Amino acid sequence: MSIDPDMQDDPTQPRPRPASQPAVPSSPLPPPRRAAKLQMSRREFIGVSAIGLAGLGAAAGGAGLDQWWRHGGLGNLFHGPLASSMQTGHLLRRAGFGANPDDLTTYRSLGFNGAVERLLNYQQTSDDDMEHRLNALNLDLNRPQEQVRWWLLRMAWTQRPLLEKMTLFWHGVLTSSFRKVGGRPGFMRMIIQNQFLRSHAFDTFDNILLGITADPAMLFYLDLAKSTRTAPNENYARELMELFSLGLGHYTQQDVTQAAAALTGWHLRGLTSVYLPQTHNNLTKVFLGHTGNLNYKDVINILTNHPAAPWFLTRKLFTYFTYENPSTDDLKPLVDAYVQSGHNMGTVMRTLLLSPQFSSAKAYQARIKSPVEFAVGAYRALNIHDDGSTLPSITTLMGQTVFDPPSVAGWPGDKVSSLWLNSGTWMTRLNYIDAILVRGLARGGSPRPFDLQGIVNAQNLNSPESFVDYFVSFLLDGHIDSARRTQLLDYFTSRDTSAPGAHITLTNGQSYPLSRVRGALYLIMASPEYQLN
Amino acid sequence: MKLSRRAMIKDGLLVVSAGMVMPAIFSRGVASANVQALEGSHSAQVASDRTLIVVQMAGGNDGLNTVIPFADPLYHQMRPTLGLADAQVVHLDTRLGLHPNLAPLKQIWDAGHLAIVEGVGYPSQSLSHFQAMDIWQTLDLSGNGREGWLGKLVSGLVDQDGHPFKALDIGVQTAQALSSINAQVPTVSSVPAYSVYRDPADRDGGNARMQALMNLYNSYPKTAPYAALLDTTALNAEEGSRQLHQTDAQYQPAVTYPTGPFAAGLKVLAEAIVQGLGLRVGYVTLGGFDTHANQQQTHGALMAMLANGLSAFYTDLVKHGKADNVVVMTWSEFGRRVEENGSLGTDHGTAAPMFVLGNAVSKGIFGEPSSLSNLDSNGNLKYTVDFRSVYATVLDRWMGASSKDVLGGSFGSQNFLLQP
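Residues numbered from 1 in each chain as written. Chains lettered and ligands numbered in written order. Predicted model: local features only at pLDDT ≥ 70, side-chain atom pairs only at ≥ 80, totals over all residues.

K.L.:
Explanation requested: the overall build of chain B in the structure shown.
P.N.:
Each helix and strand in chain B was counted, giving 12 helices and 12 strands. Within chain B, the fraction of its 420 residues that count as buried is 58%. Contacts in chain B between residues far apart in sequence, at least 24 positions, make up 71% of those at least 6 positions apart. (Helix = DSSP H or I, 4+ residues; strand = E, 2+ residues; numbered from the N terminus. Buried ≥ 20, exposed ≤ 12 C-beta atoms within 10 Å, placed from the backbone. Contact = placed C-beta atoms within 7 Å.)

In structure tokens:
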């Protein structure tokens, strides 16, 4: 028997996956021939900076990196500050979804601090183009699959990348799922929650928690709408403390039941919510050392002012945006910013992005890309403009469906990014790249392969080297060690002994088999380095 | 394709002589297989045809409405709307019975191959889903453990044989129980998705591109971020997808599996067992058990999925002559509060029953159902059986492993499996 989505009301753990939908007709590989052992020593790893893209200015910082590789090798790469040429790419991956060449040009021209300010002061950048483009798709936001597509395309097309990234961060913390939001009449609640998180992404933590407590999707998802004056439901009260604000160890089961009583009074009214004081439990509660006829405002106020809250919250932020397992010293400036700014998340994020830790070599490529970062990042980097209709099912197979986290704790990979990667999700990543390059992400119709010849012509790519360097410049910050660059070039120029097929002609007049040219780009995006954020 | 040990070694030797790219984890495996072949070793084969299937019931399964103490008036008193009437319950004995939708399991019980371990928990049980899940999977009672108990078990096995399917996890994310510092478990969401697609422009079927890609992984500096993870993931996938697809093409299930991902996952596991992929530990998750509100319908549907899936899986194995070699064990991070809440649901609880089934399993109720009259201060059951004693039993008496090593201590055992 099957379970429909509203019935499987599951804030914890897996659930039916959509039937796997290969983006490309499935054709498993026959056993490959084994490659010859590579003759390469550690000493030969020398960074090369990509050239060939005017305006990206990769060369200067690249030289700095070369020095690192040469002196002391890789060990030193993970200490000290990041080379400036890598900084913008790093910033846009973490505070956004990666960059296409135009993004890099725009943000590099502002300098690092200017780039951070542009990201934070997102109101100053128009996103009308994205809105128009989304409107033109006529998506039905009452349908979960289209909700997913709507948000992923926002991320891919936005000129306000940090706003979308921050919204995604909040979604992973203060999370709800369309699996348990009231079924068909309630699906729109997910969009309402999403708009709330977006419009308050940099607000005070107090306002964010107050809003999410009253949020219709959350009221349904964690059963606060079912909680009554005489029979308070514990679900929201527990997760509010364990997962949203304090963490385990800072409250007791007694605090859970008392908070549950204090939080009563909220009700759903269709797609909105209402607080009815007469339905609030008016007894005296004792909650985290505070006594009185506490209500939801008191509970939130007590939590956001609890000494554990800023540490809990900034640990999540730091882990998500910088690197895992931060030290107390790493977090202290963020905790101070939280307290001094009256819990303002914009101030905390500015402190985070401008911190030496954020721009440290230790933070560089320190996380595995999440499925959303990987899928949206590739889509954005290659300037794909199709309707993205297969994006939702592909990201699901990679292990992440927005609006459908695996549990109320969000995605485990947000905390420990290595959890995103296993044999199955790795192959899905590869197949996604294959799909983008070979047929595009629109469902049905004739394939719309990635227009390589157009790029070659527009960018005047006149040699295999310039081709590889062009894509490495914005996909890998212009950095790949020389031996590995040679591997890509060898593949590009290797003979295709089969019958002649399609070709790509570089601007020097030389033609290469489509399989090799497209394959070289595939290899860059399937490479170990490209899996990292 | 049946992959005999011998065929694998032969393959391994051929591969070695060809001087292929071979990351350390795999070359160790081939070397050890080589040594075993030369010594004609039998010791490494002990219990090697035995498989453990672990079923996670995620969200906190309501144990009291799974194995029901129908004869206890307190049960009906504390569950005025959610309690199941005596007439609905599938009676096992004079005091306990199964949820009506678990009827397919009653057949396995009647055949003598189903054990129920009652009252399973641990000291100071956590009411947090996530801490409780961590504890069940890593056995670190502080909830801060990283390595899973099954990960510890299979990491050695994978290294010995270099065989990708010693363990197999169904899903998109590897279960924490299977996480390991030095091995990676193939994680399969579906057979069709478990493959690398080729570019139709590639006239050699994608061989050259895949070879170039494996070179990029093999030459990725070992000190670079996530080097070991990336390297083993790629190898695991490249090797495993070929084997799984060869297997899948030849597998004929002997039953019709129910629809849905849980049963589909069990079918992949059956396939790996029947086709001889060398599976030792299989893992599959059924989620949706966190029934704070409107529990009856949800829980009933889940009970049906569980029983119908397991019943199909077991029957498939019986018909393929493999049921003697497989033991299935279920677990959930906690049971639920004895007294129902005001939302027609139940809140987080503690002790709950586990199912163990297979031809090698002795039928019966093991352990003791927790008393409904002697609850803890939160109104939850007091556990009577430590979950680690159940793990220990499976490890020592079924897997031929040392439970002391895997679990880091001695926790006793239960008698649902005979002493070897």
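From this point, the discussion proceeds with the structure in view.
K.L.:
Looking at this model, I keep getting lost on the overall build of chain A. Mind explaining?
P.N.:
Each helix and strand in chain A was counted, giving 24 helices and eight strands. When each of the 533 residues of chain A is scored for burial, the buried share is 55%. In chain A, once contacts between residues fewer than 6 apart in sequence are set aside, the share between residues at least 24 apart is 71%.

K.L.:
Looking at this structure, I do not really get the environment of Arg198(A). What am I missing?
P.N.:
Residues and elements named next belong to chain A. Among the secondary structure elements, Arg198 is positioned in helix 8 (residues 188-199). Arg198 gets classed as partly exposed once you count the C-beta atoms within 10 Å, which come to 19. Along the sequence, Arg198 and Lys180 sit 18 residues apart, while their C-alpha atoms lie 21 Å from each other.

K.L.:
Mind showing me how you'd approach the pairing of strand 2 (residues 266-269) of chain A here?
P.N.:
On a regular strand, each side chain points to the face opposite its neighbour's, so the side chains alternate between the two faces of the sheet. All names here are of chain A. Relative to strand 3 (residues 272-275), strand 2 runs antiparallel, the two being bridged by four bridges. Residue Trp266 lies in a different strand from strand 3, and its bridge partner there is Tyr275. Where strand 2 folds back on strand 3, the antiparallel hairpin that results is connected by two residues, among which Gly270 adopts a positive phi of roughly 60 degrees. (Pairing = 2+ DSSP bridges.)

K.L.:
Explain helix 5 (residues 128-137) of chain A to me, please; I cannot follow it from the model alone.
P.N.:
Residue pairs three or four apart in sequence face the same way in an α-helix, which turns once every 3.6 residues. Across the 10 residues of helix 5 of chain A, zero count as buried, placing the element largely on the outside. One or two residues past the end of helix 5 of chain A sits Asn138(A), with phi positive at roughly 55 degrees.

K.L.:
In this structure, what is going on with helix 17 (residues 371-381) of chain A? I would like to understand it.
P.N.:
All names here are of chain A. In terms of burial, helix 17 is largely enclosed, as 11 of its 11 residues are buried. Those residues of helix 17 that fall on the buried side of the exposure criterion are Pro371, Val372, Glu373, Phe374, Ala375, Val376, Gly377, Ala378, Tyr379, Arg380 and Ala381. Contacts made by the buried residues of helix 17 are with helix 6 (144-157), helix 7 (161-173), helix 18 (391-398), helix 20 (423-438), helix 22 (464-475) and helix 24 (514-526). A positive backbone phi angle near 55 degrees is found at Asn383, which sits one or two residues after helix 17.

K.L.:
I'm lost on the sheet that holds strand 4 (residues 97-98) of chain B in this one. Help?
P.N.:
In any sheet, the strands associate via hydrogen bonds between backbone groups, in a parallel or an antiparallel arrangement. All names here are of chain B. Overall, antiparallel pairing links the three strands, which are arranged 2-4-3 in an open sheet. Two strands in the sheet have a free side with no partner beyond their single neighbour: strand 2 (67-68) and strand 3 (90-91). Bridge count between strand 3 and strand 4: two bridges; the pairing is antiparallel. Looking across to strand 4, one finds that Val90 is bridged to Leu98.

K.L.:
Where do I start with the confidence of the model for chain B in this structure?
P.N.:
Low pLDDT means the predicted atomic positions in that stretch should not be read closely. All names here are of chain B. When the pLDDT values of chain B are averaged, the result is 86; 86% of them are 70 or greater. Counting contacts from residues 1-46, a segment whose pLDDT is below 50, to residues more than four positions away or on other chains yields 57 contacts. Quick note on the complex model: pTM equals 0.85, ipTM equals 0.84. (pLDDT = per-residue confidence, 0-100.)

K.L.:
What is the right way to look at the environment of Leu150(B) in this model?
P.N.:
All names here are of chain B. Among the structural elements, Leu150 can be located in helix 6 (residues 149-161). By C-beta crowding, Leu150 is classed as buried, having 28 other C-beta atoms within 10 Å. For the pair Leu150 and Gly206, spaced 56 residues apart in the sequence, the C-alpha separation amounts to 35 Å. The contact partners of Leu150, leaving out residues within four places of it in the chain, are Val54, Ala167, Ala177, Leu178, Val281 and Tyr283.

K.L.:
Mind showing me how you'd approach the packing of helix 11 (residues 234-242) of chain A against helix 12 (residues 253-262) of chain A here?
P.N.:
Helices that pack against each other are described as a pair by the angle of their axes relative to one another and the distance between those axes. All names here are of chain A. Where helix 11 meets helix 12, the axes come as close as 8 Å, and the angle between the chain directions of the two elements is 120 degrees. Taken together, the axes of helix 11 and helix 12 lie oblique to each other. As for the relative orientation of helix 11 and helix 12, their crossing is right-handed in sense. When helix 11 is examined against helix 12, the residues Glu234, Ala237, Arg238, Leu240 and Met241 are found in contact with a partner set consisting of Asp255, Val256, Thr257, Ala259 and Ala260. Grouping the constituent residues of the contact of helix 11 with helix 12 by class yields six nonpolar, one polar and three charged. (Axes fitted to C-alpha atoms, helices over the stretch in contact; angles between N-to-C directions. Parallel < 35°, antiparallel > 145°, perpendicular 65-115°, else oblique. Left-handed = near helix turned anticlockwise from the far one by under 90°. Nonpolar A, V, L, I, M, F, W, Y, C, P; charged D, E, K, R; others polar.)

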